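One-letter residues, chain by chain:
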Amino acid sequence: MKERDLIDRIVSKLPPSPPEILHGIGDDTALLRVRESSDLLVTTDSQREGVHFRWDWMTPEEVGYRLVVVNASDVYSKGGKPFSAFVTLALPSGFSEATVDKLYDGILAGCLEFGAYLSGGDISRTTGGVDLTMTLLGMVPKDQFIPRNGLVHGDRIYSIGRPGFARAGYLALSRGDFSEKLSEPIATFKRPRTFPSFPSWFLKHPFLSASMDSSDGLGQALSSLARSSGVSIVLDSAPDLDYLSPVANVLSVDPRKLALEGGEDYDLVVGVSEDKAKEFESVARDLFHDQSHDQVTYWGRVDSSGVAGAVVTDGTYDIWDWGFDHVGG
Ligand SMILES: Nc1ncnc2c1ncn2[C@@H]1O[C@H](COP(=O)(O)OP(=O)(O)O)[C@@H](O)[C@H]1O
Ligand SMILES: Cc1ncc(C[n+]2csc(CCOP(=O)(O)OP(=O)(O)O)c2C)c(N)n1
Ligand SMILES: [Mg+2]
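Because the structure is a prediction, the values reported are computed rather than measured.

Considerations on the overall build of the protein chain
Counting its regular elements, the protein chain contains 10 helices and 13 strands. Computed over C-alpha atoms, the radius of gyration of the protein chain comes to 19 Å, within 12% of the 20 Å expected from 2.2 N^0.38 for 329 residues, which places it in the range of a compact globule. Over its C-alpha atoms, taken along the principal directions, the protein chain stretches across nearly 60 × 55 × 40 Å. Residues counted as buried form 50% of the 329 residues belonging to the protein chain. Intrachain contacts of the protein chain at a sequence separation of at least 6 include 82% that bridge at least 24 residues. For the protein chain, the computed accessible surface area is about 14,700 Å², with 52% contributed by carbon and sulfur atoms. In the protein chain, 31 side chains carry a positive charge and 47 a negative one; their mean positions are 1 Å apart.

Brief notes about the domain arrangement of the protein chain
Quite often, the size of an interface is put as the accessible area lost when its parts meet. One can read the domain layout of the protein chain as domain 1 (18-141) and domain 2 (156-318). Averaged C-alpha coordinates put domain 1 and domain 2 at centres separated by 23 Å. With 20 residues of domain 1 at the interface, the matching set in domain 2 holds 20 residues. For the pairing of domain 1 and domain 2, the buried interface totals around 1,900 Å² over both sides, and the portion due to carbon and sulfur atoms is 60%.

A few points about the site of ligand 2
Near ligand 2 you find 13 residues, and of these Asp-45, Ser-215, Asp-216, Glu-264 and His-326 are the closest. Taking 590 Å² as the accessible area of ligand 2 by itself, protein coverage stands at 88%. Across the shell around ligand 2, the residue classes break down as 5 nonpolar, 4 polar and 4 charged.

Focus on the side chain of Asp-27
Position of Asp-27 among the secondary structure elements: in the loop between β1 (21-23) and β2 (30-33). Residue Asp-27 is classed as buried on the basis of its relative accessible area of 12%.

A closer look at a nonpolar patch on the surface
Taken together, the side chains of Met-1, Leu-6, Ile-7, Ile-10, Val-11, Leu-14, Ile-25 and Val-327 present a nonpolar region at the surface, about 660 Å² in accessible area. Here Val-327 lies in the segment after β13 (317-318). Residue classification places Val-327 among the partly exposed positions, given a relative accessible area of 39%.

Examining the pattern of salt bridges
In this structure the tally under the stated criterion is 17 salt bridges. When the shortest N-O distance is used, the salt bridge between Asp-27 and Arg-148 registers 3.7 Å. Of the two residues, Asp-27 sits in the loop between β1 and β2 while Arg-148 sits in the loop between β6 (131-141) and β7 (156-161), which places them 121 residues apart along the sequence. The two residues Asp-27 and Arg-148 agree in class, both being buried. Across the salt bridge formed by Glu-184 and Arg-162, the nearest N and O atoms sit 3.0 Å from each other.

Observations concerning the side chain of Ser-229
One can find Ser-229 in helix α7 (residues 218-229). Among the residues examined, Ser-229 registers a relative accessible area of 15% and is labelled buried. Within the structure, Ser-229 has its side chain in polar contact with the backbone nitrogen of Leu-151 (distance 3.1 Å). When near neighbours in sequence (up to four residues on either side) are disregarded, Ser-229 contacts Arg-148, Asn-149, Gly-150 and Leu-151.

Details of unusual backbone geometry
Its identity is not glycine, yet Asp-143 carries a phi of approximately 65 degrees, on the positive side. By the element assignment, Asp-143 lies in the loop between β6 and β7. A positive phi angle, near 65 degrees, is found at Glu-264, a position not held by glycine. Structurally, Glu-264 can be placed in the loop between α9 (255-261) and β10 (268-272).

Examining the UniProt feature "binding site: Mg(2+) 5" (unreviewed entry) in the protein chain
The UniProt record marks Asp-216 with the feature "binding site: Mg(2+) 5" (unreviewed entry), using the residue numbering of this structure. Among the structural elements, Asp-216 can be located in the loop between β8 (208-213) and α7.

A look at the site of ligand 1
Residues in close proximity to ligand 1 include Ile-7, Ile-10, Ile-25, Gly-26, Asp-27, Asp-28, Asp-45, Asp-74, Arg-148, Ser-215 and Asp-216, which together make up its full environment. In this structure, Gly-26 approaches ligand 1 through a main-chain N or O atom, which is 2.7 Å from an oxygen atom. At 2.9 Å, a backbone N or O of Asp-27 approaches an oxygen atom of ligand 1. Starting from 550 Å² of accessible surface for ligand 1 in isolation, the protein chains cover 63%. Across the shell around ligand 1, the residue classes tally to 3 nonpolar, 2 polar and 6 charged.

A closer look at the UniProt feature "binding site: substrate" (unreviewed entry) in the protein chain
UniProt's feature table lists "binding site: substrate" (unreviewed entry) at His-52, Glu-264 and Phe-324, given in the numbering used throughout. The largest pairwise C-alpha distance within this set of annotated residues, which runs over 273 residues, is 11.4 Å, so the set is compact in three dimensions. We classify His-52 as buried; its relative accessible area is 14%. Mapped onto the fold, Phe-324 is located in the segment after β13.

Parameters at a glance
- Residues numbered from 1 in each chain as written.
- Chains lettered and ligands numbered in written order.
- Predicted model: local features only at pLDDT ≥ 70, side-chain atom pairs only at ≥ 80, totals over all residues.
- Heavy atoms only, no water.
- Helix = DSSP H or I, 4+ residues; strand = E, 2+ residues; numbered from the N terminus.
- Rg over C-alpha atoms; globule rule 2.2 N^0.38 Å.
- Buried < 20%, exposed > 50% of the residue type's maximum accessible area, 1.4 Å probe, protein only.
- Contact = heavy atoms within 4.5 Å.
- Areas by Shrake-Rupley, 256 points an atom, 1.4 Å probe, with all protein chains shown as cover.
- Lys, Arg positive; Asp, Glu negative; His and termini not counted.
- Charge placed at Lys NZ, Arg CZ, Asp CG, Glu CD.
- Domains from an automatic or database assignment.
- Buried area = accessible area lost by both parts, 1.4 Å probe.
- Near = heavy atom within 4 Å.
- Nonpolar A, V, L, I, M, F, W, Y, C, P; charged D, E, K, R; others polar.
- Patch = residues over 30% accessible without salt bridge, like charges linked within 9 Å, V, L, I, M, F, W, Y side chains within 5 Å.
- Salt bridge = Lys/Arg side-chain N within 4 Å of Asp/Glu carboxyl O.
- Polar contact = N/O pair within 3.5 Å; in protein donor to acceptor, adjacent residues only side chain to side chain.
- UniProt positions renumbered as here; feature names shortened; annotations may be inferred.

What follows is the structure in structure tokens.
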């Protein structure tokens, strides 16, 4: 069984949702209507020893910081801003207090940077490795939530960031390859960035039809956007992968496969109407003027006549199953 099938099973057991739950399961965050002018975003994600990190790869500060980034990324991708965080900590017996301190140095640095106040949590014992879970609350102005399910025929699909870079870092660490060209991918894997300026940028340029972050890889993000919107995506046959090719060469992997299969980039994947595509390409650059290595990459266009959820390249293959899956492996 795959992760998405498990989530579908959970959804199928649910009673109808109350009216305040505007979006429940199925998007990067839930969207709850709690007041007139703005809506509440709620998201939760974990960092688990052996699954998301290894102690011989990352410092406790990096693990704590990454816990905040992976959650904040979901909130920013919806056009919202974080404000309150809860952390559940599961520790093996005898776990060092000094390491807990360092984990919290990273968590608090992330909370401070992204404007979230650590407001509670829970601590329990585990018989396995360390397990950190954050629940993050955010706010989005009313009707500014950018959903996964908004793609329509003709929309252009772009990524903002460097899809494949974190996966390259993961491969480098797994192989113990510390050559110079792989130092930036490794840093990207250990300390991902997110896009705090995206919500204000979107208020000025409100022409995105859909958005999500690429935590499970660009391929998964594309199929998830297509599936929730009930459309297919036709990939461009030659995306501009100049940013990734040198790294892919060192690792002897296909750059397009690396970009599509990679996970943990926390890039943004967005849909833009055809008539706004050129304007988007130019104004999206001011989104990350202080994050100069990121870039805007065109991936393809939306086709409403194809199979819903399919992501195809000139009809030859389908990338439905690419990317990271916790359940199916
Ligand atoms: N165990 C679960 N019970 C209920 N909903 C879940 C569960 N796991 C994931 N979901 C929901 O399924 C959707 C997809 O999950 P996930 O791929 O983890 O999203 P994200 O990449 O944004 O963290 C989200 O809406 C999430 O809240
Ligand atoms: C030790 C180790 N093995 C494998 C990976 C690769 N990996 C783990 S989780 C993941 C996907 C993202 O995590 P997930 O919990 O699915 O985030 P979400 O999509 O829910 O935000 C990837 C690519 C890793 N980071 N560390
Ligand atoms: Mg998740």
